[in-house]
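# Observations on the model geometry
Next come the chains, spelled out residue by residue.
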Amino acid sequence: MEDAAPVIYGLEFQARALTPQTAETDAIRFLVGTQSLKYDNQIHIIDFDDENNIINKNVLIHQVGEIWHISASPADKGVLATCYNKTLDSKVMTCAAVWRMPKELESGSHESPDDSSSNTQTLELLCHLDNTAHGNMACVIWEPMGDGKKLISLADNHLLLWDLQESSSNAVLSNSALLEGKGQLKFTSGRWSPHHNCTQVATANDTAIRGWDTRSMRQIYYIENAHGQLVRDLDFNPNKQYYLASCGDDCKVKFWDTRNVTEPVKTLEEHSHWVWNVRYNHSHDQLVLSGSSDSRIILSNMVSISSEPFGHLVDDDELSDQEDHHQEKTKEPLQDSIIATYEEHEDSVYAVEWSSADPWLFASLSYDGRLVINRVPRALKYHILL
Amino acid sequence: MSAAQGGPLPGPAEGGSEPPGGKRRPHGMLKLYYGLPDPAGEARGGLAPGEDFGGPTDINGAHFDPEVFLTKLRKECSLAQLMDCETDMVKQIRSLDSDMQTLVYENYNKFISATDTIRKMKNDFKKMEDEMDCLAANMAVITEFSARISSTLQDQHEQITKLSGVHTLLRKLQFLFELPARLTKCVELEAYGQAVRYYSKARSILHQYQHMPSFQGIQDDCQKIMANLAQKLREKFRDGGSGAKDLAECVELLLQLDEPAEELCDEFLSHARCRLEAELETLETELGQPGGAPINDILEFIDRGCNIFVSNMCLVIASYQELFVSREDKVQDITRMAQDKLVAFVNCLMETYFSLVERRIQLEKGVGDNSLLVRALDRFHRRLQALAKLLPASNVAAEGTEIVVRATKERIRQYLLALQNFYQDCLTDVRQSLAAPRLAGKESPNLAELLGNMSASVLNQIKSVLAYVHLFTAKDITFSNKPYFKGEFCSQGVREGLIVGFIKSICQTARQFCETTGDKGGSTPPTLLLLLSRLCLDYETSTISYILTLTDEQFLVQDHTPITPVTSLCAEARETAQRLLNHYVKVQGLIISQMLRKSVETRDWVNTIEPRNVRAVMKRVVEDTTSIDVQVGLLYEEGIRKAQSSDSSKRTFSVYSSSRQQSRYAPSYTPSAPLDTNLLSNIQKLFSERIDIFSPVEFNKVSVLTGIIKISLKTFLECVRLRTFGRYGLQQIQVDCYYLQLYLWRFVCDENLVHFLLDEIVGSTAHRCLDPVPMEQSVIEVICERG
């Protein structure tokens, strides 16, 4: 049961943006966006061959600027959105655009990585999300269950809802909300809830978390001082509709029940610096990943607040089988615990994502351009599955 | 044996009881001859074996037949035997003859004298007969006279007997008839005892003859009077004024009057109850209004309670026992009944009393001097012992002890509360004195002095509380030798409940500062965190063991219940100190971080002008760090530095800036080798240790400062990475970092750490720079020295 060693892939540039190819459910594929002020930025399409433990990459040129955020369409494998920095007349602006990758790369081509001819393909621009009136784009999020036609982008203190029309070639601002208050308010990140028919979005600004209804664009809940310092990231529990995880500069990961936001349901304080990323596993929501600028990734097992009950409910069939029943009894229910701390990174980890195809696999990206693909320990995997 | 079996006279053979005396031997033969049964002979029956006793062949038998005998002999015996038999027989005949002669000779004289005697007697009797005749005649005369006299006196005697009977009867009757009057008189004279005696004499008679109308009248009268009397007695009994002796007499009389004892007991008790309850009410009024202050102090209250209520209670018990319980003539049932009633009565009243006492004790809230309360409790307890001795069946003693124990526990609780309040007050004072000088604009308060004052006053308070509590175990206090006070009080009460509880609460209060203010930040002055951390550390190193040793010495713990060991308390204190210090570092780090973050986030780094100065915020950072250094230095030791470098910061920096720094980000400017940058920085990271930013610090100044600087610089780094810089932006950061380098190295344990982080900052800035042209090192130095 030796766990397979992590697979490490190095990018030439510094990088912050990572996303799984959300619409892909068979192959393990991640998209990484680089940050370079000097050179053409790239989007690396990382294919991971699980059986051979090999990484295949394809590189797309992203000429418009360095990538701060990347997100893949949940409906179309070839479509993705980026937030990028554009420098114009010594002014730096963060813009957002929707792109389509070349058709042959959508499902991954298993060419050898040395083949340099395929490395120079370019992205096809579908449309810009015009933000001249709204300020810098912090992130773009796709409607999780939809047909890939709805987007939300966070621009400074605006929450913008876009409709993609004419086969995504045109983005129309369908609705927006403005965050008002003292000082310069700025959204840092947001997530679109897969529950409630995709009508809820949660955003973070400074130390607060807010919930929004996308139909009315009104605030539905407000967690004041969710973290002692800046809130860096959010994620919705994919199976429990009211549960939300957040992380921030106070080194904590907190779990919230959005129906009662006075106190967090649970708090983890395992990192020794800011936590930049928190992600629920898509299938087994007790597995929670968090990545931090202490260069570590921590995989936690939050059984007590997961949708899976403690231990396993014994079926009647199993009861009749004495042997099975005996086995069932010897299995202890797992406690909330830290399963593993991954220390393959040398620099701050700004992004960590589960694979959309394999629930036991995840990728993490540190600032120095190192992408690490790791797996959930096999012992735990079997414990959850069996 | 065989003879008995064959013999026709079984009687002698069976009933022979005469011992075979030798004197009778000579007569054996004769007896046999005369046919008298002779057991001796039978014993000798073996002499003639096979002989037929009493049969015709028995030569000694009465039915001896010589013919048969001879025939038998001839038939059965041989010649020799016959010869032997013949000789034997001749021998026997001869001896018999000589026996006969001896007998005759021996008794001859006796026969003669007997004959003489008989003749003399004949003469004497004749004379006597005459005299007897004479006597008989005289007696007859006397008898005749006597009969005549008796017959004449007969009537009179009968009359006298009758008269005397009548007389007695009459006297009795007279007594009876006079009884009502006498009784009335007795009642009038209040000679109740006499009356009862009279009545009890007459009662049975009256009862016997009650069918006769006259007697019935008397009886009725008497009963009326006696009922009246009983009534009077009861009134007297009820009337409180009569003394104990009178009361006893009353009860005695009433009991003689067959009044039911139970009723009397009840009455007696209810009467006593009235008085005692009245006393209790007076006591209750002394409690004062609910919520108001009691009228007098507790000792006085208990004193009154003891002197009035408890002593009266004792009196009641004593007299009751004398009256109803301890009388010899009482039936067992009544005694038991009376005893039970008394116990119930006492328990009931004492319960009320106890509740009053408890209420009073509860009013005792002042936590100063304890001696009054202890003395009061002692008196209370002592008096109860006396009462309990009188009435062992009641549970007053146990309950009294229980109350004392409860009061003591409550007292300990109050002391704990008082200590906690005192500690809180101390904290408030410290906070105020921390805040006050800042307003006045003076130097920061002397932390060491504050800490010293605080810990000394807390320690003093603990000592004085220990002294107060110690009074409970003084030798002259009656309850101090109760098992509770010997064991549980010392270990669970004082040691665990008071001292350990207080120390734990100190730690807990301190920990609360870490938790509540963690998110909001700033509501607790960081200095207080530092101070408390030092306080807890001091507790860990010495104070806890000192206090506990003191406690253990004063309260010799004989109890074996588990107690919190010193080590675990120390561990708790240490953990608290650690958390406080970590929190302090976090808070201070956060304050500096915020400054740096604001300074990075709010500036337009692309369009900034060429740096001429170190930014003010950096100066501020250095100033703040210095003041923190001073602050921590007041309370914590210096600590150890790793690889202490020479104090020339310039030399260190020149290495850092020229060779390392240049080699680090110079290649990254050349477009040909973008990989090298990462490679180089990665290789460098391989050899440097991973830095945990928010990691626990050690208890020394250097470690604390290192923690704060780490947090600040890491924030700086992360903020820089989120921005884009122009050429002058990069140069400004270079200047700032050099400035920090100049001043921060002296605070940290390992200056390479500062170098490394500053390198990272400058390196990252260069990466984030649109036009990375670094500033000349010499220019940087000039700017910094000027600033």
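Conventions we followed
- Residues numbered from 1 in each chain as written.
- Chains lettered and ligands numbered in written order.
- Predicted model: local features only at pLDDT ≥ 70, side-chain atom pairs only at ≥ 80, totals over all residues.
- Heavy atoms only, no water.
- Helix = DSSP H or I, 4+ residues; strand = E, 2+ residues; numbered from the N terminus.
- Areas by Shrake-Rupley, 256 points an atom, 1.4 Å probe, with all protein chains shown as cover.
- Contact = heavy atoms within 4.5 Å.
- Buried area = accessible area lost by both parts, 1.4 Å probe.
- Salt bridge = Lys/Arg side-chain N within 4 Å of Asp/Glu carboxyl O.
- Polar contact = N/O pair within 3.5 Å; in protein donor to acceptor, adjacent residues only side chain to side chain.
- Nonpolar A, V, L, I, M, F, W, Y, C, P; charged D, E, K, R; others polar.
- Patch = residues over 30% accessible without salt bridge, like charges linked within 9 Å, V, L, I, M, F, W, Y side chains within 5 Å.
- Buried < 20%, exposed > 50% of the residue type's maximum accessible area, 1.4 Å probe, protein only.
- Lys, Arg positive; Asp, Glu negative; His and termini not counted.
- UniProt positions renumbered as here; feature names shortened; annotations may be inferred.
- pLDDT = per-residue confidence, 0-100.
- Pairing = 2+ DSSP bridges.
- Axes fitted to C-alpha atoms, helices over the stretch in contact; angles between N-to-C directions.
- Parallel < 35°, antiparallel > 145°, perpendicular 65-115°, else oblique.

### Overview of the overall build of chain B
- What chain B contains, in helices and strands, is 25 helices and 0 strands.
- Total accessible area computed for chain B in this model is approximately 42400 Å², and 56% of it derives from carbon and sulfur atoms.

### A closer look at the interface of chain B and chain A
- Tallying the contact residues gives 32 residues for chain B and 42 residues for chain A.
- Here chain B packs against chain A, burying approximately 3200 Å² in sum over the two surfaces, 47% of which is carbon and sulfur.
- Remark: the boundary between chain B and chain A carries 4 salt bridges.
- One salt bridge in this structure joins A:Asp347 and B:Arg721, with 2.9 Å as the shortest N-O distance.
- Taken together, the connections running from chain B to chain A amount to 12 residue pairs in polar contact (both at pLDDT 80 or more).
- Looking at the side of chain B that touches chain A, the elements with two or more residues in it are α16 (483-520), α18 (566-601), α21 (674-687) and α22 (701-721) of chain B.
- It is α21(B) that contributes the most residues to the side of chain B that touches chain A, 6 residues altogether.
- Looking at the side of chain B that touches chain A residue by residue, the class counts come to 13 nonpolar, 8 polar and 11 charged.

### Describing a nonpolar patch on the surface
Residue and element names in this part refer to chain B.
- A cluster of nonpolar side chains, namely Met132, Leu135, Met139 and Ile142, defines an oily patch on the protein surface of about 390 Å² accessible area.
- Locating Ile142 in the fold gives a position in helix α6 (residues 79-189).
- By relative accessible area, Ile142 is classed as partly exposed at 49%.

### Some words on the side chain of A:Asp358
Residue and element names in this part refer to chain A.
- Counting through the fold element by element, Asp358 comes out in the loop between β27 (349-354) and β28 (361-366).
- This buried residue, Asp358, is left without a salt bridge; Lys381 holds the nearest opposite charge, at 5.6 Å.
- Engagement of the side chain of Asp358 in a polar contact is seen with the backbone nitrogen of Trp360, the distance being 2.9 Å.
- For Asp358, the contacting residues outside a window of four places in its chain are Ile28 and Asp50.

### Let's talk about the UniProt feature "repeat: WD" (unreviewed entry) in chain A
- Under the present numbering, the feature "repeat: WD" (unreviewed entry) in UniProt falls on residues 224-260 of chain A.
- Measuring from the first to the last C-alpha atom of residues 224-260 of chain A gives 12 Å, for a span that is 0% helix and 46% strand.

### Overview of unusual backbone geometry
Residues and elements named next belong to chain A.
- Even without a glycine there, the phi angle at His196 is positive, about 55°.
- With phi around 60°, Asn197 is a residue other than glycine that occupies positive phi space.
- Mapped onto the elements, Asn197 comes out in the loop between β15 (187-192) and β16 (200-205).
- Classification of Asn197 by relative accessible area gives exposed; the value is 70%.

### Quick look at the confidence of the model for chain A
Residues and elements named next belong to chain A.
- Residue-level pLDDT values for chain A average 83, and 89% of them are 70 or greater.
- Here residues 112-118 is a poorly scored stretch, pLDDT under 50, and it has 7 contacts once near neighbours within four places are set aside; other chains count.
- Every residue in residues 313-330 scores below 50 in pLDDT, and together they form 9 contacts with partners more than four places removed in sequence or on other chains.

### Some points on the sheet that holds β27(A)
All names here are of chain A.
- If you walk across this open sheet you meet the 4 strands as β1-β29-β28-β27, and the pairing is antiparallel. The two strands at the open ends of the sheet, each matched to only one other strand, are β1 (7-10) and β27. Direction aside, the axes of adjacent strands within the sheet are offset by 20° on average.

### Here we look at the sheet that holds strand β19 (residues 231-236) of chain A
Residue and element names in this part refer to chain A.
- Taking strand neighbours across the sheet as the criterion, the 4 strands line up as β19-β20-β21-β22 in an open arrangement whose pairing is antiparallel. The two strands at the open ends of the sheet, each matched to only one other strand, are β19 and β22 (266-268). Each adjacent strand pair in this sheet contributes to an overall mean axis angle of 20°, direction not counted.

### Observations concerning the packing of α22(B) against helix α23 (residues 727-744) of chain B
Residue and element names in this part refer to chain B.
- Packing of α22 against α23 brings their axes to within 13 Å, and their N-to-C directions diverge by 170°. Regarding the angle of α22 to α23, the classification is roughly antiparallel. Side by side, α22 and α23 meet where Ile709, Leu713, Phe716 and Val720 of the first sit next to Ile733, Cys737, Leu740 and Leu744 of the second.
- Grouping the constituent residues of the contact of α22 with α23 by class yields 8 nonpolar, no polar and no charged.

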